[in-house]
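Breakdown of the fold
Next come the chains, spelled out residue by residue.
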Amino acid sequence: MTSGRKWWRWAASALLPLALACTRETGPEGAATAGASALGGGSSLAELMQKRGLNEADVVAALKTYTPSGKHDEYYLFASGGHGGNLIVIGVPSMRILKYIGVFTPEPWQGYGYGDQTMELLKQGSRDGKMLTWGDMHHPALSESAGEYDGQYLFVNDKANPRVAVVSLRDFATTQIVASELIESEHGSTFVTPDTDYVIETSQYPAPLGGRYADVTKFNDEYRGATIFWKFDRARGRIVPEESWAMELPPYMQDLADAGKLVSDGYVFINSINTERAYGGNLEGNPPLESGVSQNDMDYLHVINWKKAEQVVKAGRTKVIAGMRVIALETAVAEGLLHFVPEPKSPHGVDVTPDGKDIVVGGKLDTHATVFSFEKIKALIAANTFVGKDPYGVPILPFQEAIRGQCEIGLGPLHTQFDNEGFAYTSVFIESKVAKWSLKDLKLVDKLSTHYNIGHLVAAEGDTVSPDGRFLVAMNKWAIDRFAPVGPLLPQNFQLIDPVGPKMQMLYDAPIPLGEPHYAQMIKADKIKPVEIYKPAGMNALTHEKDPFAVEGGKERIERKPDGVHVYMTAVRSHFTPDIIRVKQGDTVHLHITNIEQAKDATHGFTVGSQNIHVSLEPGKHANVTFVADKPGVYPMYCTEFCSALHLEMAGYFLVEPK
Ligand code: K7E
Ligand code: CUA
């Protein structure tokens, strides 16, 4: 990681003067050429700087992010697509967008949600039998081994319709969506335990568990929160719902969560707001929810001993709600699985330090980052040092005895990330700033303005036991004046920051025009080794196994069976076989299409006009598409990727003969 820093310093100190020196030598010719075209070829660096109004700091920033053609980025940034429902993959430091990954929302380019396999996947994510085609994605979590990102899987959540999706980083594709009907909304999700034994999903807005009905005036007695521990089977790459379990929580609004690591491994920390248990009703004589939830000076950091809870589950001390084994709140209290520590006013982010020793909480209505000591919390629990109990019997630890201290940050601290030199970086929402502070002495070191309304921030390998201390990305909610205007709906603004040294430096603004990315994680690029083609040809991208309907070259055919017409097709530059399909009105049609190519990037797309069908056929991939040919007519079908010189000729006819 230091080698990277050396490069930066070298770039800043050596390359720039060198470049300037070169331009000085070629000055007169450069000037002549530059005069001809505003920014055109041949301009000298000095002239370009002058013409574009750039200063030396701008050029240094440019040198730190510019990535020449053909050169790969050092990091992948996996950003949530917010209420766009899909993931965004970005290269750092160039901030080039590399891919969108269809997850909760259909993604037409990838055929995601337009063929049988991906439709089945979206159906897996149904709640109460209702298929959902959007999600509110907040927190991507990379799989970890011993607290390090291992580059195998990514998990993401849907806050609106409580669900968790698994994305395989072998091919950057969603492979599973699980939905529990235990809870009705979530937010503290997804977070993984250090070896990815569990993927954590915690409710946000309390509701009767299991989808029951109870009027909101029964809030205190009938409404509850819960945190779900989804069991992950790494070998199979799947969440196993039958081996998953949950813990019932009081009806507070549980917020963000983080898993302990190293010394605090085995614990999970969850913030909460609304310990007032306000539920709104501003037309019914109650204060509006926003003021109702902000009365108390302290809310509760939930400290959960999940390893102990796992034993309680194994001992069968659970009840089953909505098919999920749930540790009842009374059991959690009786077994000492759940403790509360007061935390300052309306906390938001909770982040465990890389050494696992401290838990940093940002209070939205407090000016501090509060640093809780895991050692102290553990000792207080062991000694039964409680200042009281909440209305549900959960023991409350003394605040002052549980903290190591507080750092004065500014107005509206939210989320915290870490580097490799003992510094923490906290986003300061109301001030639109990043605060850099020392974990050792809890002193503020530097503040940098962001544009604007920063939510999360993400550092390279920032949630691991060994952050890299390299790039930092501020994930800003508002762009306001940063980009050319595009109407009232503006993109979000990701700002790339160099966090190294006494003064942080703003490097680059990247507009993000897809939903509102809340959080992202940044992983070393060399940890991810995606496949280049699906091998052998005929692979089902969901199962990573050969599809039972895979088609070999030379075995293409059309078969009429009791369940409809089966068309076994291949795609290869530049034709589909067969290229004429005849069916009768009312037939159910099953298309089985294999791209039999094994050349990198030789992707074909397939569509039949007016049928709302589209699949992406990457090299070796197999797709199945089922639909009813209900309208007679002549429908051209064609390849949707410009795959070869004869791409336009990669077409055919789908004929539906009238009854
Ligand atoms: Cu702060 Cu959902 Cu993590 Cu938005 S959350 S910012
Ligand atoms: Cu295949 Cu265009």
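Throughout what follows, the structure given in this document is the object of discussion. (Residues numbered from 1 in each chain as written. Chains lettered and ligands numbered in written order. Predicted model: local features only at pLDDT ≥ 70, side-chain atom pairs only at ≥ 80, totals over all residues. Heavy atoms only, no water.)

**Points about the overall build of the protein**
Where we set the bar: Comment: elements are numbered from the N terminus, with helices defined as DSSP H or I runs of at least four residues and strands as E runs of at least two. Between the two quantities, the radius of gyration covers C-alpha atoms and the globule rule is 2.2 Å times the number of residues to the power 0.38. Each residue is placed in one exposure class: buried if its accessible area under a 1.4 Å probe, protein chains only, is under 20% of its type's maximum, exposed if it is over 50%, and partly exposed if it falls in between.
A tally of helices and strands in the protein yields eleven helices and 45 strands. Taking 26 Å as the expected radius of gyration for a compact globule of 659 residues, we find that the protein reaches 28 Å, a close match to that expectation. Dimensions of the protein, computed from the C-alpha atoms along their principal axes, are close to 80 × 80 × 50 Å. Here the protein holds 659 residues, and 58% of them are scored as buried.

**Quick word on helix α8 (residues 306-314)**
Our working rule: By arc we mean the arc of the directions from the helix axis to the C-beta atoms, nothing more. Here a polar contact is taken to be a pair of N or O atoms separated by no more than 3.5 Å, where protein atoms must pair a possible hydrogen donor with a possible acceptor and residues adjacent in sequence count only if both atoms sit in side chains.
Three or more residues of α8 are buried, namely W306, A309, E310, V312 and V313. One face of α8 carries all of its buried residues, which in axial projection span an arc of 160°. Its side-chain oxygen at 3.4 Å from the backbone nitrogen of K307, N305 defines the N-terminal cap of α8. At the exit of α8 stands G316, carrying a positive phi of roughly 80°.

**Some remarks on the site of ligand 1**
Selection rule: Nearness of a residue to a molecule or strand requires only that one of the residue's heavy atoms be within 4 Å of it. Side-chain classes follow a simple rule in which Ala, Val, Leu, Ile, Met, Phe, Trp, Tyr, Cys and Pro form the nonpolar group, Asp, Glu, Lys and Arg form the charged group, and the remainder, Gly included, forms the polar group.
Around ligand 1, the neighbouring residues are H138, H139, H187, L256, H348, H415, G455, H456, K477 and H518. Looking at the shell around ligand 1 residue by residue, the classes come out as one nonpolar, eight polar and one charged.

**With respect to the sheet that holds strand β6 (residues 163-168)**
In any sheet, the strands associate via hydrogen bonds between backbone groups, in a parallel or an antiparallel arrangement. Defined as follows: Pairing between two strands requires that DSSP report at least two bridges joining them. With axes taken as lines fitted to C-alpha atoms, and helix axes fitted only over the stretch in contact, angles between N-to-C directions fall between 0 and 180 degrees.
What the four strands build is an open sheet, ordered β4-β5-β6-β7; its pairing is antiparallel. Looking along the sheet, the strands with just one partner apiece sit at the ends: β4 (141-145) and β7 (173-179). Neighbouring strand axes in the sheet, compared pairwise and without regard to direction, differ in orientation by 30° on average. Two strands pair when backbone bridges link them, and β6 and β7 are joined in this way by six bridges, in the antiparallel orientation. Each residue of the ladder has a partner; that of S168, found in β7, is A173.

**Remarks on the pattern of salt bridges**
What counts is decided by this rule: Salt bridge, as applied in this entry: a Lys or Arg side-chain nitrogen positioned within 4 Å of an Asp or Glu carboxyl oxygen.
Inspection of the entire model under this criterion finds 26 salt bridges. Among the ionic pairs, D358 bridges to R404, the shortest N-O distance being 3.0 Å. Here D358 is found in strand β20 (residues 358-363), whereas its partner R404 is found in strand β24 (residues 403-408), with 46 residues between them in sequence. Residue class for D358 comes out buried when judged on its relative accessible area of 8%. Here D587 makes a salt bridge to R560, at a shortest N to O gap of 2.8 Å. Separated by 27 residues along the polypeptide, D587 in the loop between β39 (580-584) and β40 (588-595) and R560 in strand β36 (residues 557-561) bring together distant segments of the chain.

**Topic: the environment of Y519**
This is how the line gets drawn: Whether two residues are in contact is decided by their heavy atoms, any of which lying within 4.5 Å being enough.
Inspection of the secondary structure assignment puts Y519 in the loop between β32 (505-512) and β33 (520-524). You can call Y519 buried: its relative accessible area is 4%. Excluding residues within four positions of it along the chain, Y519 makes contact with F78, A79, S80, H138, H139, P140, Q417, H456, L457, V458, D463 and M475. At 3.0 Å, the side chain of Y519 forms a polar contact with the side chain of Q417.

**Some remarks on a nonpolar patch on the surface**
The condition that has to hold: Patches were defined on residues exceeding 30% relative accessible area and lacking a salt bridge, with like-charge contacts within 9 Å and nonpolar side-chain contacts (Val, Leu, Ile, Met, Phe, Trp, Tyr) within 5 Å. Every accessible area reported is derived by Shrake-Rupley at a probe size of 1.4 Å, with residue values counting cover from the shown protein chains alone.
Together, L411, F429 and I430 give the surface a local cluster of nonpolar side chains, amounting to about 270 Å² of exposed area. Within the secondary structure, L411 is located in the loop between β24 and β25 (413-418). Using a relative accessible area of 43% as the deciding quantity, one classes L411 as partly exposed.

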